[in-house]
Amino acid sequence: MLNVFRGKPKYVTVRPQEEPERKDFPDNLWTRCDSCGKMIFTKELEKEAFLCASCGHHFRISARKRLAMLTETANFEAFPPLVAADPIGFPGYTEKIKQAQEQTGLDDAVLIGKATIQGSCCILGIIDFSFIGGSMGSVMGEQLVRGFEKALQEELPVVIFSGGGGGARMHEGIFSLMQMAKTAQAVGKHSRAGLLFVSVLTHPTMGGIYASFASLGDIILAEPGALIGFAGPRIVEETTRQKLPAGFQTAEYALKHGMIDAIVSRSQMLSYVGRLLAWHR
Amino acid sequence: MQAFEWEKPVLELEARIGELKQFIHSEEMDFSQEIKTLERKAATLRKEIYENLTPFQRVTMARHPKRPTTLDYISLLFDEFVEFHGDRSYRDDQAIVGGVALFEGRPVTVVGPQKGRDTKDNIARNFGLPHPEGYRKALRLMKQAEKFGRPIITLIDVVGAYPGIEAEERGQGLVIAQCIEEMSFLKTPILSIITGEGGSGGALALGVGDRILMLENAWYSVISPEMCAAILWRDSSRAAEAADLLRLTPTDLLKFGIIDDVITEPLGGAHRDHVTTGLQIRSFMRRYLATIMKKPIDQLIEERLARFRQIGTFNEKSLAEL
């Protein structure tokens with residue numbers, strides 16, 4: 001934080017348009033699968049859309065990597081950037097934002113713009129977990145609303161990949177809670193005009209993000225194994241003092257209980273979403 | 001009645017005055033001058049204490065076991081009430097109550113989370129923590145109100161939606177989103193009053209009103225002070241410090257434009273005088289209902305949406321420019 005006292009700053013300045021060197025995976029050649037424990041050649045992992053070749057585990061990926069899997073740079077026109085303010089003067093929030101920006105090269109937790117996916121024009125939003133847990137504050141709320149408004153204006157479908165374990169961003173207090181209403185209403189207006197919203201839940205989609213726009217898709221998809229729910233598993237366990245059932249709050253669990261339309265593997269995602277968009281053109 | 005540590009000085013003084021009065025009465029002596037002085041002192045002390053409550057002291061006031069519950073408010077605010085039950089799909093969740101009531105002769109729909117009034121009641125009502133079916137019932141009743149052109153009054157007092165296994169299985173997050181979204185477009189006037197606790201999404205699910213009022217000793221926040229403290233310092237006992245950070249008091253929320261007005265409570269809190277609290281809320285309801293019922297419904301919905309649309313603070317600059 002206060003590098004002033006330590007001589008040289010320990011960070012580098014990056015431009016948001018460029019993918020900075022990420023610490024998603026260690027620099028070494030091999031990555032251990034979180035699920036099956038197998039060692040995977042990192043280069044191989046990147047080639048395979050960050051899926052474990054032996055167990056199919058979906059590694060968490062950055063918004064930019066996700067974007068690259070869905071469309072080409074030339075086919076993505078990002079919205080003008082917004083940067084978080086500190087509406088309730090929460091201690092450490094400004095520093096936290098700066099740090100997240102330096103680490104991810106993003107302005108905030110959502111990457112959003114007009115995109116073409118397999119020939120279909122749409123508004124595409126992708127939430128990045130590594131930016132303060134992908135939590136929703138005023139910036140994400142506003143960007144998503146602008147997305148739905150633009151889509152409404154231009155009669156476009158909206159596709160959002162949600163992966164925000166943090167839900168509403170605590171550091172903005174009541175302002176982040178209100179983003180739930182703001183985004184839900186934007187979905188409502190877009191929906192009432194007869195337009196399509198495909199909500200894709202990636203690991204993890206919880207709390208205020210799940211309890212607002214992400215639940216309101218005409219079609220709700222999820223990646224295998226993604227954690228989906230309102231209250232976090234630890235809170236549920238502590239409150240109920242019950243042992244959680246196997247696979248509780250996973251995408252498979254949500255599918256079984258009728259909460260989502262389908263589970264789609266990352267390797268199939270592009271063609272699946274592409275087909276849905278084409279059928280609703 | 002359970003007293004808080006910080007109000008003990010004034011309660012003790014009040015008790016002394018009572019004793020003195022009793023004594024004088026039995027001894028037939030004239031101490032009226034002295035009593036007047038003491039009563040003045042008590043009044044000053046009371047004002048000093050209750051007007052300078054810390055945010056967390058207000059949170060504990062909002063949780064006072066003798067504070068009126070939603071059903072208490074319903075009997076205080078309305079002339080008649082019939083309760084309707086069930087979500088028509090799974091069961092009747094008693095942690096949310098609702099039905100049709102008469103407000104000064106006019107039928108209105110009223111819904112709100114209901115805490116228990118004693119242990120047995122609390123168990124039946126799951127300590128006022130609603131399941132998805134509770135929210136589905138609320139939504140059903142609100143849509144019924146829309147159909148019959150009745151205004152809706154939501155009375156909000158909830159720590160949060162229940163974080164349980166079955167609640168998750170039946171779509172707690174999904175139903176909150178649906179409540180928020182559908183309420184936003186209902187073609188009938190909506191008045192929301194936060195009477196006690198306004199805990200996160202579980203409160204917002206019933207809080208998308210055309211006017212949003214809040215009692216003086218209520219709180220409304222994205223997260224409870226305990227949970228916030230647990231996240232920040234891994235210590236939920238530091239809730240008082242977290243309450244200071246969250247800006248969850250009606251005064252702050254009014255300043256932020258999140259709520260429209262603050263309903264003052266009798267000195268010492270609503271639990272000390274239910275009737276006066278009820279009368280006070282009634283007068284606010286009368287005024288605000290009249291305002292929103294006068295407006296054409298399309299305009300009202302437009303304004304409802306515009307209100308939330310503009311909430312949020314950010315800078316229109318990229319991080320490279322900043």
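Residues numbered from 1 in each chain as written. Chains lettered and ligands numbered in written order. Predicted model: local features only at pLDDT ≥ 70, side-chain atom pairs only at ≥ 80, totals over all residues.

Here we look at the overall build of chain A
Along chain A, the regular secondary structure elements total nine helices and 12 strands. Summarising the internal contacts of chain A: among those between residues at least 6 apart in sequence, 68% fall at separations of at least 24. (Helix = DSSP H or I, 4+ residues; strand = E, 2+ residues; numbered from the N terminus. Contact = placed C-beta atoms within 7 Å.)

Regarding the overall build of chain B
Looking only at helices and strands, chain B has 14 helices and nine strands in total. Against the compact-globule benchmark of 20 Å for 322 residues, chain B has a radius of gyration of 22 Å, which places it among compact chains. On the principal axes, the C-alpha backbone points of chain B span a range of 70 × 60 × 40 Å. Out of the 322 residues belonging to chain B, those deemed buried represent 47%. Counting contacts in chain B only where the partners sit at least 6 residues apart, residues at least 24 apart contribute 70% of the total. (Rg over C-alpha atoms; globule rule 2.2 N^0.38 Å. Buried ≥ 20, exposed ≤ 12 C-beta atoms within 10 Å, placed from the backbone.)

Some details on the nonpolar core
The biggest cluster of nonpolar side chains holds 154 residues, and the ones touching the most others in it are Cys179(B) and Ile180(B). Take this core: its biggest share by element is nine residues, from helix 5 (residues 174-192) of chain A. If we ignore the near neighbours within four places in the chain, the residues touching Cys179(B) are Tyr135(B), Ala138(B), Leu139(B), Ala205(B) and Leu206(B). If you look at the next biggest cluster of nonpolar residues, it comprises six residues, including Ile40(A), Phe50(A), Phe59(A) and Ile61(A). (Core = buried A, V, L, I, M, F, W, Y, C linked by C-beta atoms within 7 Å.)

Looking at the packing of helix 1 (residues 8-27) of chain B against helix 2 (residues 32-50) of chain B
Residues and elements named next belong to chain B. For the pair helix 1 and helix 2, interaxial distance at closest approach is 9 Å and the crossing angle is 160°. Relative to helix 2, the element helix 1 lies roughly antiparallel. Our pair here, helix 1 against helix 2, has a crossing hand that is left-handed. Contacts from Pro9, Val10, Leu13, Glu14, Ile17, Leu20 and Lys21 of helix 1 reach helix 2 at Ile35, Leu38, Glu39, Lys41, Ala42, Leu45, Arg46 and Ile49. Its residues assigned to classes, the contact of helix 1 with helix 2 shows 10 nonpolar, no polar and five charged. (Axes fitted to C-alpha atoms, helices over the stretch in contact; angles between N-to-C directions. Parallel < 35°, antiparallel > 145°, perpendicular 65-115°, else oblique. Left-handed = near helix turned anticlockwise from the far one by under 90°. Nonpolar A, V, L, I, M, F, W, Y, C, P; charged D, E, K, R; others polar.)

A closer look at the pairing of strand 8 (residues 197-201) of chain A
Residues and elements named next belong to chain A. Across the five residues that make up strand 8, a large majority, five, are buried. What you see with strand 8 is no split at all: Phe197, Ser199 and Leu201 on one side and Val198 and Val200 on the other are buried throughout. Here strand 7 (residues 158-162) runs beside strand 8; their pairing, made up of five bridges, is parallel. Bridge pairing links phenylalanine 161 to valine 200 in strand 8. Across four bridges, the pairing between strand 8 and strand 10 (residues 219-222) is parallel. Among the inter-strand pairings, serine 199 is bridged to a residue of strand 10, identified as isoleucine 220. (Pairing = 2+ DSSP bridges.)

Overview of the sheet that holds strand 6 (residues 120-127) of chain A
Residue and element names in this part refer to chain A. The strand order 3-5-6-7-8-10-12 describes an open sheet built from seven strands, whose pairing is mixed. A strand with exactly one partner marks an edge of an open sheet, and here the two such strands are strand 3 (76-78) and strand 12 (262-263). Across four bridges, the pairing between strand 6 and strand 7 is parallel. Bridge pairing in strand 7 links isoleucine 126 to phenylalanine 161. Against the sheet, helix 4 (residues 138-153) touches strand 5 (110-117), strand 6 and strand 7, its axis set at about 25° to strand 5.

Regarding helix 10 (residues 225-233) of chain B
Residue and element names in this part refer to chain B. Along helix 10, the positions that sit buried rather than exposed are Pro225, Met227, Cys228 and Ala229. Considering only its buried residues, helix 10 is in contact with helix 3 (55-62) and helix 11 (239-246). Residue arginine 234 follows helix 10 closely and has a positive phi angle near 50°.

Observations regarding the interface of chain B and chain A
On the side of chain A, 54 residues touch chain B, which itself brings 46 residues to the contact. Of all the secondary structure elements, the ones that give two or more residues to the side of chain B that touches chain A are helix 7 (165-169), helix 8 (172-185), helix 9 (200-204), strand 7 (219-221), helix 10, helix 11, helix 14 (297-309) and strand 9 (314-315) of chain B. When the residues that make up the side of chain B that touches chain A are grouped by side-chain class, the tally is 27 nonpolar, 12 polar and seven charged. Alignment of strand 4 (residues 83-84) of chain A against strand 9 of chain B, held across two bridges, turns out to be antiparallel. Along strand 9 of chain B, the bridge assignment pairs Val83(A) with Asn315(B).

Overview of the domain arrangement of chain A
By convention, interface size is frequently given as the accessible area that disappears when the constituent parts associate. Domain boundaries in chain A define domain 1 (15-59) and domain 2 (61-279). Look at where the C-alpha atoms of domain 1 of chain A and domain 2 of chain A centre, and you get two points 22 Å apart. (Domains from an automatic or database assignment.)

A closer look at the environment of Arg307(B)
Locating Arg307(B) in the fold gives a position in helix 14. Of the residues examined, Arg307(B) has 21 C-beta atoms within 10 Å and is grouped as buried.

Some points on unusual backbone geometry
Residues and elements named next belong to chain A. For the bond from histidine 203 to proline 204, the omega torsion is -15°, close enough to zero to count as cis. A positive phi angle, close to 60°, is found at alanine 49, a residue other than glycine. By the element assignment, alanine 49 lies in the loop between helix 1 (42-47) and helix 2 (63-70). Positive phi, close to 45°, is recorded for glutamine 118, a residue that is not glycine. Tracing the backbone shows glutamine 118 in the loop between strand 5 and strand 6. For glutamine 118, a count of 14 C-beta atoms within 10 Å gives the class partly exposed.

Details of the domain arrangement of chain B
Segmenting chain B into domains produces domain 1 (5-52) and domain 2 (59-309). Computed from C-alpha coordinates alone, the two centres of domain 1 of chain B and domain 2 of chain B are separated by 37 Å.

Quick notes on the environment of Thr60(B)
Residues and elements named next belong to chain B. In this fold, threonine 60 is placed in helix 3. Classification of threonine 60 by C-beta neighbours within 10 Å gives buried; the count is 20. Considered as a pair, threonine 60 and methionine 29 are 31 residues apart in the sequence and their alpha carbons are 42 Å apart.

As for the environment of Arg211(B)
Residues and elements named next belong to chain B. Tracing the backbone through its elements, the reader meets arginine 211 in strand 6 (residues 211-215). A count of 21 C-beta atoms within 10 Å places arginine 211 in the buried class. C-alpha separation for the pair arginine 211 and arginine 304, spaced 93 residues apart in sequence, amounts to 8.4 Å. Setting aside anything within four residues of it in sequence, one finds arginine 211 in contact with Leu191, Asp260, Tyr288 and Ile292.

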